[in-house]
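Take a look at the letters that make up each chain.
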Amino acid sequence: MSAIAQEIASQPSCWRQAIDLAAGVLPLPADGERVAVVGCGTSLFIARAYAGLRESGGGGDTDAFPASEFPTGRRYDRLVSISRSGTTTEVLRLLTSLDAAIPTVAITAVADAPIRGLVQAVIPLRFADERSVVQTRFATSTLALLRARLGEALAPVVADCERALGLALPHDPTGFDHFVFLGHGWSVGIAEEAGLKLREAARAHTEAYPAMEYRHGPISLAGPRSLVWILASPDPSLAEDVRATGATVRVTSLDAMVELVVVQRMAVALAEARGLDPDRPRHLSRSVVLS
Ligand code: F1P
């Protein structure tokens, strides 16, 4: 069994540990603070999901940025950085350049990684570290921690994840050569992460958009070999419009974090069907370290 398959299956247990951790004293944003969240790749998409949840839940202004695009002129009360490896160059460069007065915290899987020396506090998620280059459980455990901290009761989400892990995949991925993920609010970040999983693990062509943006151009690529996966949409008629292109549409009512686990499994299945090693994506390494 690949490392990623084992890591995907361990997510309910990791989420429980993250939820327990969230109940303790942690240097995470207080209500009302203006917060920036940064990361790269998967960590950026988790940052976007958290930002959407915190702000829509009334927690306070929350902006997510790729670490390389942080608007250094803006004032924030706290900066949260997410990096599994704690070595990603763009994240370290940003932290090195920041005004020392801004409280900074890093969520990482490696407690003694270089990021430790650049932030005021570290939240280590050692239990969620991974052998696969392709991130699954670190990302979702980070989100579980942050969601629990926002006050969400996640026990039903963990139970749904356990159930979803035991079900057959909703579609055979080998029937498609184009995958599109659509989200709304916080699930836009999850849609982006879902697309990245299929690109990284299975070299699939994928796209991701806010649901209402899909009809504004991207729908012209949809056809019988497309699977369009709607994580959330404010407009139920979107599914009909997409079906009219000949594409297969999946509409889900599951929590988007649980649905992401289904996509992770589909990415592994597609990689294996294509004869690829889902733990070792082409041209990728565990983190991007620039000289
Ligand atoms: C971020 C990241 C991964 C990506 C790839 C390169 O790593 O961009 O999301 O899949 O493996 O690194 P990190 O900063 O979270 O360690």
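Here we summarise the structure given alongside this text. (Residues numbered from 1 in each chain as written. Predicted model: local features only at pLDDT ≥ 70, side-chain atom pairs only at ≥ 80, totals over all residues. Heavy atoms only, no water.)

### Quick look at the overall build of the protein
Counting secondary structure elements, the protein contains nine helices and nine strands. A compact globule built from 291 residues should have a C-alpha radius of gyration of about 19 Å, and the protein, at 18 Å, falls within 12% of that. Dimensions of the protein, computed from the C-alpha atoms along their principal axes, are close to 55 × 40 × 40 Å. Split into buried and exposed, the 291 residues of the protein put 56% on the buried side. For the protein, restricting intrachain contacts to residue pairs at least 6 apart in sequence, the fraction spanning at least 24 positions comes to 72%. (Helix = DSSP H or I, 4+ residues; strand = E, 2+ residues; numbered from the N terminus. Rg over C-alpha atoms; globule rule 2.2 N^0.38 Å. Buried < 20%, exposed > 50% of the residue type's maximum accessible area, 1.4 Å probe, protein only. Contact = heavy atoms within 4.5 Å.)

### Re the pairing of strand β7 (residues 206–210)
Where strand β6 (residues 178–183) and β7 come together, five bridges link them in parallel fashion. Looking at the pairing, G183 lines up with P210 of β7. The handedness of the β6 to β7 crossover, carried by helix α7 (residues 187–202), is right-handed. (Pairing = 2+ DSSP bridges. Right-handed = clockwise from strand over helix to strand, strands pointing away.)

### Some thoughts on the site of the ligand
In the vicinity of the ligand, 15 residues are found, and the nearest of them are S43, S83, S85, T88 and E200. For the ligand, an oxygen atom lies 2.9 Å from a polar atom in the backbone of T42. Protein burial of the ligand: of its 390 Å² of free accessible surface, 95% is covered by the chains. Residues that form the shell around the ligand fall into these classes: three nonpolar, nine polar and three charged. (Near = heavy atom within 4 Å. Polar contact = N/O pair within 3.5 Å; in protein donor to acceptor, adjacent residues only side chain to side chain. Areas by Shrake-Rupley, 256 points an atom, 1.4 Å probe, with all protein chains shown as cover. Nonpolar A, V, L, I, M, F, W, Y, C, P; charged D, E, K, R; others polar.)

### A few points about the sheet that holds strand β5 (residues 121–124)
Where strands meet in a sheet, backbone hydrogen bonds hold them as pairs that are either parallel or antiparallel. Taken together, five strands build an open sheet; the order of strands is β2-β1-β3-β4-β5 and the sheet is parallel. The two strands at the open ends of the sheet, each matched to only one other strand, are β2 (62–66) and β5. On average, each strand axis in the sheet is tilted by 20° relative to the strand beside it, whichever way the strands run. In terms of strand pairing, strand β1 (residues 35–39) meets β2 through five bridges, oriented parallel. Within β2, the residue paired with V35 across the bridge is T62. Along the sheet, helix α3 (residues 42–56) contacts β1, β2 and β3 (78–82); its crossing angle with β2, the most-contacted strand, is approximately 170°. Strands in contact with helix α4 (residues 89–97) are β1, β3 and β4 (104–108); relative to β3, the strand with the most contacts, it is inclined by about 160°. (Axes fitted to C-alpha atoms, helices over the stretch in contact; angles between N-to-C directions.)

### A few points about the packing of aromatic side chains
Evaluation of the coordinates by the stated rule reveals six aromatic pairs. Ring plane angle 90° and centroid distance 5.5 Å describe the contact between F65 and F70, whose orientation is recorded as edge-to-face. Both residues of the pair, F65 and F70, belong to the buried class. Here F70 and Y76 contribute two aromatic rings whose centre-to-centre distance is 6.0 Å and whose plane-to-plane angle is 45°, an arrangement assigned as tilted. Given the relative accessible area of 5%, Y76 is considered buried. Ring pairs connect the aromatic residues F65, F70 and Y76, which therefore count as one cluster. Note that R34 overlies the ring of Y76, its terminal NZ or CZ placed 4.9 Å from the centroid. (Phe/Tyr/Trp six-rings, centres within 6.5 Å; stacked < 30°, edge-to-face > 60°. Lys NZ or Arg CZ within 6 Å of the ring centre and 35° of its normal.)

### Section: the pairing of strand β8 (residues 226–230)
β8 sits mainly inside the fold: five of its five residues count as buried. Of the two faces of β8, both are covered, the one formed by S226, V228 and I230 as well as the one formed by L227 and W229. Bridge analysis of β6 against β8 gives five bridges, and the strand direction is parallel. Bridging from a neighbouring strand, F181 pairs with W229 of β8. Strand direction decides the pairing type here: β8 and strand β9 (residues 248–251), joined by four bridges, are parallel. Within the sheet, the bridge partner assigned to I230 lies in β9 and is V251.

### Thoughts on helix α6 (residues 155–166)
Under the 1.5 Å per step criterion, the end-to-end length of α6 is 17 Å for twelve residues, consistent within 8% with the ideal 16 Å. Within the span of α6, buried status applies to V157, V158, C161 and A164. Relative to the axis of α6, the buried residues are bounded by an arc of 120° and lie together on one face. Among the exposed residues of α6, those pointing more than 90 degrees away from its buried face are A155, R163 and G166. Those residues of α6 that are buried are in contact with α2 (11–22) and α9 (256–273). (Expected span 1.5 Å × (residues − 1). Arc of directions from axis to C-beta.)

### Here we look at the state of the cysteines
Summed over all chains, the structure comprises zero disulfides. Lacking any disulfide linkage, C14 is separated from the closest cysteine sulfur, that of C161, by 10 Å. Residue class for C14 comes out buried when judged on its relative accessible area of 2%. (Disulfide = S-S within 2.5 Å.)

Geometry only, nothing functional implied.
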